[in-house]
Amino acid sequence: PAVVTELLAAMAERRGRFLVIAAGPPDAFLGQSPDLRAVFGHVVEFEPPTARELVQLFQRFAERNVYTLDEELRVELMHRFAQMREDEGFGYARTVRELFEQSVARQAARLAGEQVNAATVARLSARDLPPSPLERMLGDFHRQNGT
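Below or above, wherever it landed, is the structure these notes cover.

Definitions and limits used
- Residues numbered from 1 in each chain as written.
- Predicted model: local features only at pLDDT ≥ 70, side-chain atom pairs only at ≥ 80, totals over all residues.
- Heavy atoms only, no water.
- Helix = DSSP H or I, 4+ residues; strand = E, 2+ residues; numbered from the N terminus.
- Contact = heavy atoms within 4.5 Å.
- Areas by Shrake-Rupley, 256 points an atom, 1.4 Å probe, with all protein chains shown as cover.
- Core = buried A, V, L, I, M, F, W, Y, C linked by side-chain atoms within 4.5 Å.
- Buried < 20%, exposed > 50% of the residue type's maximum accessible area, 1.4 Å probe, protein only.
- Expected span 1.5 Å × (residues − 1).
- Arc of directions from axis to C-beta.
- Lys, Arg positive; Asp, Glu negative; His and termini not counted.
- Salt bridge = Lys/Arg side-chain N within 4 Å of Asp/Glu carboxyl O.
- Polar contact = N/O pair within 3.5 Å; in protein donor to acceptor, adjacent residues only side chain to side chain.
- Axes fitted to C-alpha atoms, helices over the stretch in contact; angles between N-to-C directions.
- Left-handed = near helix turned anticlockwise from the far one by under 90°.
- Nonpolar A, V, L, I, M, F, W, Y, C, P; charged D, E, K, R; others polar.

Looking at the overall build of the protein chain
Reasoning step 1: Within the protein chain one finds eight helices and two strands.
Reasoning step 2: For the protein chain, the N- to C-terminal ordering of α and β elements is α-α-α-α-β-α-α-α-β-α.
Reasoning step 3: Within the protein chain, contacts between residues at least 6 apart in sequence are counted, and of these 59% link residues at least 24 apart.
Reasoning step 4: Approximately 10500 Å² of the protein chain is accessible, and the part contributed by carbon and sulfur atoms is 55%.

Below is the structure:
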């Protein structure tokens, strides 16, 4: 791709004074071209975050926005993140942020028009999570079969 060509040109021009940070599995980027890995002098690989660390990241997003998480939500997040980590396309922080934002939006829709207090609004629960891929698939199956 053109981006890789441009990157290689910039690296050659600034040899020894250029740092590239690529997020994701190493082969997703470096595996694009046999010559690409050879151009990189030193590759540092970081272990992907654990499911627990991803739940902690979700918690930090929540705390920054003055939300708390109930225990059922934490357990469900742990389960989902453990499954998501197995997918090579999993975007870690991006996916966690998107899941948090979707949960906040679902909570707002769920509470719309109800009499609620500040503590209720500040607490996210498992029912605020968007459906998992399996739940979506089962929902589609039930709709198609009229059950």
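Regarding the nonpolar core
Reasoning step 1: Phe58, Leu77, Phe81, Phe100 and Leu124 are the most contacted members of the largest nonpolar core, which totals 19 residues.
Reasoning step 2: Those elements giving two or more residues to this core turn out to be helix H4 (51-64), helix H5 (71-84) and helix H6 (93-111).
Reasoning step 3: Broken down by element, the residue count for this core peaks at seven residues, all from H4.
Reasoning step 4: With residues near it in sequence (within four places) discarded, Phe58 still touches Leu69, Leu73, Leu77, Phe81, Val96, Leu99, Phe100, Ser103 and Leu124.
Reasoning step 5: If you look at the next biggest cluster of nonpolar residues, it comprises six residues, including Val4, Met11, Leu30 and Leu36.

Quick notes on unusual backbone geometry
Reasoning step 1: Phi is positive for Val66, which is not a glycine, with a value near 60 degrees.
Reasoning step 2: Note that Val66 resides in the loop between H4 and strand S1 (68-69).
Reasoning step 3: A residue is classified by how much of its surface remains accessible, and Val66, at 65% relative accessible area, is exposed.

Thoughts on H5
Reasoning step 1: The terminal C-alpha atoms of H5 lie 20 Å apart, and with 14 residues this matches the ideal 20 Å at 1.5 Å per residue to within 8%.
Reasoning step 2: Restricting attention to buried positions, one finds in H5 the residues Leu73, Leu77, Arg80 and Phe81. Around the axis of H5, the buried residues are gathered within 95 degrees of arc, so they sit on the same side. Opposite the packed face of H5, turned more than 90 degrees from it, sit the exposed residues Glu71, Glu72 and Val75.

Overview of the side chain of Asp70
Reasoning step 1: Summarising the element assignment, Asp70 is placed in the loop between S1 and H5.
Reasoning step 2: Nearest to the buried, unbridged Asp70 among oppositely charged side chains is Arg123, at 5.6 Å.
Reasoning step 3: Looking at Asp70, its side chain comes within polar contact range of the main-chain nitrogen of Leu73, at 2.8 Å.
Reasoning step 4: Once residues within four sequence positions are removed from consideration, Asp70 is found in contact with Arg123, Leu124, Ser125 and Ala126.

Section: the pattern of salt bridges
Where charged atoms from two side chains of opposite charge come close, those side chains can pair.
Reasoning step 1: Considering all chains together, one arrives at six salt bridges under this definition.
Reasoning step 2: For the salt bridge of Glu98 with Arg94, the shortest nitrogen-to-oxygen distance reads 4.0 Å. One end of the pair is Glu98 and the other is Arg94, both in helix H6 and four residues apart, which spans about a single turn.
Reasoning step 3: Arg97 is paired through a salt bridge with Glu101; the nearest N and O atoms lie 3.4 Å apart.

Topic: the packing of H5 against H6
Reasoning step 1: Between H5 and H6, the least distance of the axes is 12 Å, while the angle of their chain directions is 145 degrees. In this structure, H5 meets H6 at a crossing whose hand is right-handed. Facing H5, whose interface residues are Leu77, Arg80, Phe81 and Met84, H6 presents Thr95, Val96 and Leu99.
Reasoning step 2: Residue composition of the contact of H5 with H6, by class: five nonpolar, one polar and one charged.

Description of the environment of Val121
Reasoning step 1: Tracing the chain through its elements places Val121 in helix H7 (residues 118-121).
Reasoning step 2: Between the C-alpha atom of Val121 and that of Gln107, which follows or precedes it by 14 residues, the distance is 8.0 Å.
Reasoning step 3: Once residues within four sequence positions are removed from consideration, Val121 is found in contact with Tyr67, Gln107, Leu111 and Val116.

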